[in-house]
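Coordinate analysis (summary)
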Amino acid sequence: MNTEIYLDSNATSVVLPAALAAASDAMGQRFGNPSSTHSTGLKAKVILDEARACAVRLLGVGNGRLMFNSGATEGIQTAVLSALCALRERRDAGEAIGTLLVYGTTEHKAVPESLAHWNRLLGLNLTLHKLPVDGNGVHQLAALREVASQAAMVCTMAANNETGVISDLAGIEAVLGETASRALWMVDCVQALGKLKLDLSSTRIDYAPFSGHKLHAPKGIGMLYVRAGVPFTPLIMGGGQEAGQRSGTENMAGIAALGVVLAALERGDTFRTEAELYSFRTRLADALRAALPGVVFNNSFEHALPTTLNFAVPGLSSRELMDVFDAAGVRVSAGSACSSSKAAPSYVLDAMGLPLWRSAGAIRMSFGPLVDEATIAAACVRIERCGAALRASCLIPSERSAGTYDGLLQLGVEGACSWLVLDAASHRCVVIDPLPDHVARIEAYVRCQNYQVRAVVCTQPNAGRTEMVEALGRHFNRAADADEYGWPLNAVAMPLENGVAASVIKLGAQVLASVRCDAAGEPRAYLLGTPDAACLPAAAVRFAFSARPLQQALSGITTARTLLCPTRDEHNQFCASMGTAPSATLAADLQLDGAALATFLQTHPNARLVDVREQYEFAATVAPSPAGKVALSVPLSRLAEHASTWLHDDAAPLVFFCRSGNRSMKAAQCLRRLGHPQAYSLNGGLALAT
């Protein structure tokens, strides 16, 4: 069963079935080289000529050039090279060419990178100048007017790939005309193909690159329009194909497929109408508003293509939103596909002047004109599922309290950790070393689960807990006095097993004990365990919390079975053993691929399959577990709690999995370091297993 709903068409699109058939025909029945003059070659040349003729009509090329190439990046390179070579020739001939290479601040990275590259290689040494946009992402024409007379080249786009914002091309053309600018003008038309009406020869546009895979054609095929009489320099020289404009044997499979897509556009009988696309966007937007309280759309629908939504949700990162949508089988992206793997704010949204939380938490949802009613309806149902999963995990507001959880919760950021010690029965908890980045998340979690915070403690004196205490409000007892670590002065005295004096906070059947590791002002450690009638025995201490390794200081009051939970975790180890884990456990057999997993589970029927994605991902999941085996949900944030149990039961094999294999590898490595002999990671995760 295909559970995928693909809503990332601005990155790439599914190939039109008729285009697939055309590509197959070009590689099979009509495989000839269109440069050959025999019958087989002539059959291939018909494909080439028909595709070009259709593109010429559809785009209004007129007397301009239209060449096929590998895609938009090559088209941008060719346009920039052509313009800059001509500028250098004019300058060498004594003409004034301007000093600025102007490009929109929201352009695809291929544009400024190409400008900088060829500007340097050709020795022009012109100044790259960013053209600002307004809060809607539209180029500021007044700013263009100020620099138009100094511009040697101007690069803008027809529609933005992240936001779908449509440029005011007529306004830009008017400014260039009013100022008598001689600048060469390139317009990136990648997102415009099939979505905006284009009549290129009736405009002042000099160069316009296109990419087939953005509109249901394969990757590796594109086009470049060059206005009649505009300077042109080939990027690729050789056999003189494409009338000498772009050498190399043509990609006939790609051209045949693109030709079919262009013909479908020209006929108007294959793709959704503009009205249908607008209605689909409205339905998706309404579903997002209902499922995700506070959702904010980063693109003004009035100024954007109907196929693109860009949004953010207060308190949620783009990675969290990406993960929950992916678990639900809805493919979206964090900003541009070229940068979505990077944990950085969107430069497009930053240029629009949006707050950091919106640019850093942005999600792009985009569909193509081939989308159907059933896909949109199914997507709305999945969006609702994502909202429910996030509410149940206390990540977005909910009218109902989520189910409470016992044990430990670890939140990490840039090598540091915050810890929550939770007791569901008493609805009490303790916060240890809260980081500023986690204050809002911890407050939401405590409020959602209706916990009462007994203490907010730190492992370093005067480490700054005020922000956390203030955020907790009524969920924290402010009346109790505390020392410089935040430890309550009215905590109950209880000795440790070796007679060391300590004080404890009761959390149900367990206690959290405060231990001075050295003289006053030194790091503090906290021990979590179940006491007997007289003391807290070393063998009963399951966890020790400290800012740095303190095995020697804690000797005698913990055992080798105690897990050390650091508040500094630079190497993503989650927890460590108080004893010494054998280094040989990090073996080459740590990973299992999808094929090996089924065999492994048959050989080890007692093996446990553990999903280490976050709880909201687990709850939103629509795909079956790997190998059809029921999986246990243990997010990495809960790993220490479960590791303590797994290490001391029957040591059944553990196979961890996640979306891509990265988190499961960390979990397997952690268990091996702790001494579990049979911990494994599913290589490639769910992405390759389903």
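Conventions adopted
- Residues numbered from 1 in each chain as written.
- Predicted model: local features only at pLDDT ≥ 70, side-chain atom pairs only at ≥ 80, totals over all residues.
- Heavy atoms only, no water.
- Phe/Tyr/Trp six-rings, centres within 6.5 Å; stacked < 30°, edge-to-face > 60°.
- Lys NZ or Arg CZ within 6 Å of the ring centre and 35° of its normal.
- Helix = DSSP H or I, 4+ residues; strand = E, 2+ residues; numbered from the N terminus.
- Expected span 1.5 Å × (residues − 1).
- Buried < 20%, exposed > 50% of the residue type's maximum accessible area, 1.4 Å probe, protein only.
- Contact = heavy atoms within 4.5 Å.
- Domains from an automatic or database assignment.
- Buried area = accessible area lost by both parts, 1.4 Å probe.
- Salt bridge = Lys/Arg side-chain N within 4 Å of Asp/Glu carboxyl O.
- Polar contact = N/O pair within 3.5 Å; in protein donor to acceptor, adjacent residues only side chain to side chain.
- Arc of directions from axis to C-beta.
- Pairing = 2+ DSSP bridges.
- Axes fitted to C-alpha atoms, helices over the stretch in contact; angles between N-to-C directions.
- Right-handed = clockwise from strand over helix to strand, strands pointing away.
- Lys, Arg positive; Asp, Glu negative; His and termini not counted.
- 1 Å grid on protein atoms, 1.4 Å probe; cavity = no way out; pocket = protein on both sides within 12 Å on 5 of 7 lines; lining within 4 Å.
- Points joined across faces, edges and corners; volume = space filled by probe spheres on them.
- Nonpolar A, V, L, I, M, F, W, Y, C, P; charged D, E, K, R; others polar.
- Disulfide = S-S within 2.5 Å.

Per the counting criterion, the structure on display carries seven aromatic pairs. K109 extends its terminal NZ or CZ atom over the ring of Y347, reaching a point 4.0 Å from the ring centre. Note that R672 overlies the ring of Y680, its terminal NZ or CZ placed 5.1 Å from the centroid.

Bringing helix α12 (residues 373-392) into the picture now. Taking 1.5 Å per residue as the helical rise, α12 with its 20 residues ought to reach 28 Å, and the 29 Å between its terminal C-alpha atoms agrees with that figure. Among the residues making up α12, those that are buried are I376, A379, C380, R382, I383, C386, G387, A389 and L390. Buried residues along α12 sit against β1 (5-6), α8 (274-291), α9 (318-327), β11 (330-331), β12 (363-366) and α16 (615-620). Downstream of α12 by one or two residues, C394 has phi in the positive range, about 65°.

Let us look at the domain arrangement of the chain. The domain architecture assigned to the chain consists of domain 1 (15-68 + 212-221 + 244-267), domain 2 (72-209), domain 3 (274-393), domain 4 (407-577) and domain 5 (591-682). Domain 4 and domain 5 are separated by 27 Å when their C-alpha centres are compared. In total, domain 4 and domain 5 occlude about 1,400 Å² of area from one another, counting both sides; carbon and sulfur atoms represent 56% of this. Contact with domain 5 buries surface across domain 4, with R542, R561 and F574 losing the most and accounting together for 34% of the total. At the surface where domain 4 touches domain 5, the tally comes to one salt bridge. The partner of E641 in a salt bridge is R542, with the nearest N and O atoms 3.5 Å apart. If you look at where domain 4 meets domain 5, you find five residue pairs in polar contact (both at pLDDT 80 or more). Looking at the side of domain 4 that touches domain 5, the elements with two or more residues in it are β13 (407-413), β14 (416-423), β21 (541-546), β22 (563-566) and β23 (576-577).

Before going further, it helps to spend a moment on helix α2 (residues 39-59). For α2, which comprises 21 residues, the first-to-last C-alpha distance of 30 Å matches the rise-based estimate of 30 Å (1.5 Å per residue) to within 8%. Those residues of α2 lying buried are G41, A44, I47, L48, A51, C54, A55 and L59. Across the axial projection of α2, the buried residues extend over an arc of 160°, all falling on one side. Exposed residues pointing more than 90 degrees away from the buried face of α2 are listed as S39, E50 and R57. Tucked inside the fold, the buried residues of α2 contact α1 (17-27), β2 (65-69), β7 (207-211), β8 (222-226) and α7 (252-267). Phi turns positive, to about 65°, at G60, one or two residues after α2.

The next point concerns unusual backbone geometry. One non-glycine residue, H216, lies in the positive phi region at around 65°. With respect to the secondary-structure elements, H216 resides in the loop between β7 and β8. For H216, a relative accessible area of 3% gives the class buried. For H427, which is not a glycine, the phi torsion comes out positive at approximately 55°. Its place among the elements puts H427 in the loop between β14 and β15 (428-432). Overall, the relative accessible area of 29% leaves H427 in the partly exposed class.

With that settled, the discussion passes to the sheet that holds strand β26 (residues 632-633). Pairing is parallel in the open sheet, where five strands are placed in the order β24-β28-β27-β25-β26. The open sheet has two edge strands with one neighbour each: β24 (591-592) and β26. As paired strands, strand β25 (residues 608-611) and β26 are joined by two bridges and run parallel to one another. Bridge pairing in β26 places V610 opposite L632. Against the sheet, helix α17 (residues 639-646) contacts β25, β26 and β27 (654-657), and its axis sits at roughly 165° relative to β27.

Our next topic: the pairing of strand β4 (residues 127-131). The pairing of strand β3 (residues 100-104) with β4 spans five bridges and is parallel. From the neighbouring strand, G104 faces β4, where its bridge partner is L131. At this point the chain moves from β3, through helix α4 (residues 110-121), to the parallel β4, and the crossover so formed is right-handed.

Checked against the element boundaries, R204 lands in the loop between β6 (184-188) and β7. The side chain of R204 is buried and forms no salt bridge, while D206, the nearest opposite charge, is found at 4.0 Å. Reaching out from R204, the side chain makes a polar contact with the backbone oxygen of A183 at a distance of 3.1 Å. Setting aside chain neighbours within four positions, we find R204 in contact with E173, L176, S181, R182, A183, W185 and R227.

Turning to the layout of surface pockets, a few remarks are in order. Size it by volume and the second largest pocket reaches roughly 440 Å³. If you trace the second largest pocket, you find 18 residues lining it, with G194, K195, L196, K197 and L265 closest to the centre. Split into classes, the residues belonging to the lining of the second largest pocket amount to 11 nonpolar, three polar and four charged.

A word on the sheet that holds strand β17 (residues 492-493). Note: strands within a sheet are paired through backbone hydrogen bonds, in either parallel or antiparallel orientation. Here seven strands make up an open sheet; going across it, the order is β17-β18-β19-β20-β21-β22-β23 and the pairing mixed. Either end of the sheet is taken by a strand with one partner, and the two such strands are β17 and β23. For β22 and β23, the ladder comprises two bridges, and the chain directions are antiparallel. Across the sheet, L563 pairs through a bridge with S577, a residue of β23. Here α17 sits on the sheet in contact with β21 and β22, set at roughly 145° to β21.

A word on the state of the cysteines. In total, this model carries one disulfide according to the counting rule given. C189 supplies the cysteine sulfur nearest to C54, a cysteine that is in no disulfide, at a spacing of 16 Å. No disulfide involves C189; its nearest neighbouring cysteine sulfur is the one of C155, lying 12 Å away.

Another aspect to go through is the pattern of salt bridges. As enumerated under the stated definition, the model contains 24 salt bridges in all. Note that R364 is salt-bridged to D8, the shortest N-O span being 3.1 Å. With R364 in strand β12 and D8 in the loop between β1 and α1, this residue pair connects regions lying 356 residues apart in the sequence. Between D269 and R267 there is a salt bridge whose closest N-O contact spans 3.0 Å. Residues joined by salt bridges that share partners form a network here, namely E4, R319, D323, D326, R331 and R659.

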